[in-house]
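Okay, here's what each chain looks like letter by letter:
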Amino acid sequence: MQNESTSPQTGETQTQSGESQSGESLVGREYEVEVGPVAHGGHCIARTAEGQVLFVRHTLPGEKVVARITDGESGSRFLRADAVEIIEASKDRVKAPCPFAGPGKCGGCDWQHAKPGAQRRLKGEVIAEQLQRLAGLTPEEAGWDGTVMPAEGDKLPAGEVPAWRTRVQFAIDEDGRVGLRKHRSHDIEIIDHCMIAAPGVSELGIEKQDWPQMAAVEAIAATGSNDRQVILTPRAGGRLPLVELDKPVSVLRVDERDGGVHRVHGRGFVRERADDRTYRVGSGGFWQVHPQAAYTLVKAVMQGLMPRKGETALDLYCGVGLFAGSLAERLGEKGAVLGIESGKRAVEDARHNLKDLDRVRIEHGKVDQILPRTGITEADLIVLDPPRAGAGKSTVKQLSALGARRIAYVACDPAALARDLAYFAEGGYRVRTLRAFDLFPMTHHVECVAILEPVAKGA
């Protein structure tokens, strides 16, 4: 756990307890509060009688609760708290289906206590707030109808949980027992099952076994094949166990010296499928975690860009080549795609995955460093899928100068998206459409696809 975090309301970097580190600790103190609006980060806003801001988890807007402070001091700019007693419940509240969800327990899910439809509304409110505050855009100005769409198969009744997470990193305690990390903590909640884990993960039976001398066990279940993989992280000096799970599985290990991932036995990759192509994803490399995510995002991006034969395109932060492959198929033999990715193994996979497309080139390095070296001064289409922190002002400035007729921005963080949309506006681009997808049910995370186009001259 890092010692700094980004304030959900200000976007400023704060220490865990806000600004002050010299006041009296308030951890454990309880306040009866009226809960206000949702905030970015899986909590809602309330205030103490003294006016201090509380970021309260395990509650919903409009509730009256007893909030117990989990982090903060008397001089802190804000305090963190858990709702430990519900005095007046929201109509959107349900009993958390997972026995490991709740105050002081597993930190993986933020909204187990909310109806599925309410979760999507809350995420929509967060997106709208971030757009307004950081980009000065209303939903209408962003071409967004305000809805967050569930993934196919995820629209379930209240009290039911979609099993969607195809990649789960289990923490292992010193006794070798399996669990998940508690919220903002190194502490481990011991579990016997994760409800949001995809069937392909659950069927491995990771939680049924002890894992002596291990610090973590990551389980991956490919959607596009029957490939299963576990990645073991040993404790210092720990020896690998004999892995005997309920299904055939490849085993990799994290090297304690360099952090690299090395194959022990089986394949060093899993095979995924999207848009009629198979993608190799090696050594625990990035692939969307929800089974429907790759399909959903490719469809949204291609519908927004409307690629034309013979055009040139950039796929930035391209990973193993998902969008580059889909673009190349649509641009035809006379089109061209340049992908840029900083992960060395991902670049190797992308080049392997797209080797049949000679009109695709993949470059290794950071986007803001590689793009100027390519000599490219214009492009018809751009796709960018940056990490959670966003692309940033410098990169957006570079992209805006290329004169693309359309840009697709895929974002896993609405605050970073809103900041970058403001930078694009400075560069002469406006948002044509925005769509939001609930690809992380039960958590506060949400995926967005924004389609941008140049502002018409004289507009």
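The following paragraphs examine the structure supplied in this document. (Residues numbered from 1 in each chain as written. Predicted model: local features only at pLDDT ≥ 70, side-chain atom pairs only at ≥ 80, totals over all residues. Heavy atoms only, no water.)

What follows covers helix α4 (residues 322–331). In terms of burial, α4 is a largely internal element, eight of the ten residues being buried. Taken as a whole, α4 has its buried residues at L322, F323, A324, G325, S326, L327, A328 and L331. Count one or two residues on from α4 and you reach G332, which has phi positive near 80 degrees. (Buried < 20%, exposed > 50% of the residue type's maximum accessible area, 1.4 Å probe, protein only. Helix = DSSP H or I, 4+ residues; strand = E, 2+ residues; numbered from the N terminus.)

Moving on, we come to the environment of L439. Topologically, L439 is positioned in the loop between β24 (429–438) and β25 (447–454). Exposure remark for L439: the relative accessible area of 1% places this residue in the buried category. Between the alpha carbons of L439 and V148 there is a distance of 9.6 Å; along the sequence they are 291 residues apart. Ignoring anything within four residues of it in the chain, the contact list for L439 reads A151, W164, H290, A293, L297 and E447. (Contact = heavy atoms within 4.5 Å.)

Take the nonpolar core next. In this structure, F170, I206, W211, V230, V301 and F323 are the most contacted members of the largest nonpolar core, which totals 76 residues. Per-element tally for this core: the top contributor is helix α3 (residues 293–305), with eight residues. Residues contacting I206, with those up to four places away along its chain left out, are F170, V178, W211, V217, A219, V230 and L245. (Core = buried A, V, L, I, M, F, W, Y, C linked by side-chain atoms within 4.5 Å.)

Remark: α3 packs on α4, axes separated minimally by 11 Å, with the N-to-C direction vectors making an angle of 45 degrees. Judged by the angle between their axes, α3 and α4 are oblique. Along this stretch, α3 crosses α4, giving a crossing that reads as right-handed. In this structure, α3 uses A294, L297, V298, V301, M302 and L305 to contact α4, whose residues at the interface are L322, F323, S326, L327 and R330. Its residues placed into classes, the contact of α3 with α4 shows nine nonpolar, one polar and one charged. (Axes fitted to C-alpha atoms, helices over the stretch in contact; angles between N-to-C directions. Parallel < 35°, antiparallel > 145°, perpendicular 65-115°, else oblique. Left-handed = near helix turned anticlockwise from the far one by under 90°. Nonpolar A, V, L, I, M, F, W, Y, C, P; charged D, E, K, R; others polar.)

So far we have only geometry, and geometry alone does not tell us how the molecule works.
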